[in-house]
Amino acid sequence: MGTPQLTKNQSLVLGALSHSDGPMSAYTILDKLRDQGFRAPLQVYRALDKLLEHGLVHRLESINAFVACTCPDEHEHDHGVTAFTICEGCGQVTEFHDETIEQRLAALVRARNFKTEKTTIEIRGQCKSCA
Ligand SMILES: [Zn+2]
Ligand SMILES: [Zn+2]
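Quick look at the structure, then.

Some remarks on the overall build of the chain
Working step 1: Each helix and strand counted, the chain has 4 helices and 5 strands in total.
Working step 2: Along the chain, helices (α) and strands (β) appear in the sequence α-α-α-β-β-β-β-α-β when read from the amino end.
Working step 3: For the C-alpha atoms alone, the extent of the chain along its principal axes is close to 50 × 40 × 25 Å.
Working step 4: Taking all 131 residues of the chain together, the buried fraction comes to 27%.
Working step 5: The contacts in the chain between residues at least 6 apart in sequence include a share of 54% that link residues at least 24 apart.
Working step 6: Within the structure as shown, the chain displays about 8600 Å² of accessible surface, and the carbon and sulfur contribution to it stands at 49%.
Working step 7: Separation between the mean location of the 14 positive side-chain charges and that of the 17 negative ones in the chain comes to 6 Å.

Considering helix H1 (residues 8–18)
Working step 1: Those residues of H1 that sit buried are Gln10, Val13, Leu14, Ala16 and Leu17. The buried residues of H1 occupy an angular sector of 160° when the element is viewed end-on, so they sit on one face.

A word on helix H3 (residues 41–53)
Working step 1: For H3, with 13 residues, the first-to-last C-alpha span of 18 Å sits near the 18 Å given by 1.5 Å per residue.
Working step 2: Residues of H3 that are buried in the fold lie against H1, helix H2 (26–32), strand S1 (57–60) and strand S2 (65–68).
Working step 3: The positive-phi residue at the C-terminal boundary of H3 is glycine 55, with phi of around 75°.

A short note on the side chain of histidine 58
Working step 1: Inspection of the secondary structure assignment puts histidine 58 in strand S1.
Working step 2: Assessed through its relative accessible area of 9%, histidine 58 is described here as buried.
Working step 3: A polar atom in the side chain of histidine 58 sits 3.1 Å from the side chain of glutamate 95.

Quick look at the pattern of salt bridges
Working step 1: In this structure the tally under the stated criterion is 5 salt bridges.
Working step 2: For aspartate 31, the salt bridge goes to arginine 34, with nearest N and O atoms at 3.3 Å.
Working step 3: For arginine 34, a relative accessible area of 37% translates into the label partly exposed.
Working step 4: The shortest N-O distance in the salt bridge between lysine 118 and glutamate 61 comes to 3.4 Å. Taken as a pair, lysine 118 in the loop between helix H4 (99–111) and strand S5 (119–125) and glutamate 61 in the loop between S1 and S2 lie far apart in primary sequence, 57 residues in all.
Working step 5: On the basis of relative accessibility, which here comes to 53%, the residue lysine 118 falls in the exposed class.

What about the sheet that holds strand S4 (residues 93–96)?
Working step 1: Ordered in space as S4-S3-S5, the 3 strands form an open sheet in which the pairing is mixed. With one partner strand each, in any of the chains shown, S4 and S5 form the two edges of the open sheet. Looking at each pair of strands side by side, their axes are set apart by 20° on average, direction ignored.
Working step 2: When strand S3 (residues 81–87) meets S5, the two strands line up parallel, connected through 7 bridges. By the bridge assignment, threonine 85 is partnered in S5 with isoleucine 123.

Scoring rules and cut-offs
- Residues numbered from 1 in each chain as written.
- Chains lettered and ligands numbered in written order.
- Predicted model: local features only at pLDDT ≥ 70, side-chain atom pairs only at ≥ 80, totals over all residues.
- Heavy atoms only, no water.
- Helix = DSSP H or I, 4+ residues; strand = E, 2+ residues; numbered from the N terminus.
- Buried < 20%, exposed > 50% of the residue type's maximum accessible area, 1.4 Å probe, protein only.
- Contact = heavy atoms within 4.5 Å.
- Areas by Shrake-Rupley, 256 points an atom, 1.4 Å probe, with all protein chains shown as cover.
- Lys, Arg positive; Asp, Glu negative; His and termini not counted.
- Charge placed at Lys NZ, Arg CZ, Asp CG, Glu CD.
- Arc of directions from axis to C-beta.
- Expected span 1.5 Å × (residues − 1).
- Polar contact = N/O pair within 3.5 Å; in protein donor to acceptor, adjacent residues only side chain to side chain.
- Salt bridge = Lys/Arg side-chain N within 4 Å of Asp/Glu carboxyl O.
- Pairing = 2+ DSSP bridges.
- Axes fitted to C-alpha atoms, helices over the stretch in contact; angles between N-to-C directions.

In structure tokens form, the structure reads like this:
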């Protein structure tokens, strides 16, 4: 598989997110990319949809924003459980994965005959410097 082929718009959106200090809403991304020819939120959403599909970007539902994936691995594995700590003071977001949580949740879900599409854990609170 390797790195998926991205369109120009997808690369621009991914670039904006990768260079951002924190998560960005679709509208913030649009503002950043206006000079690059982005005009409508739909262009951003379309690019985000593909990037989400490829696992290059994650959506943080609780703050309605997006972050670039920071997993060091190649994106050949499906993400399993993606967990984030989200600081309510400075907005810092940190992504992490834990196999124990992943296996435990998978077992719980299997026991309920439920088919998981994706699992995102969002932990809100304060980072070390804000606490
Ligand atoms: Zn990730
Ligand atoms: Zn903080």
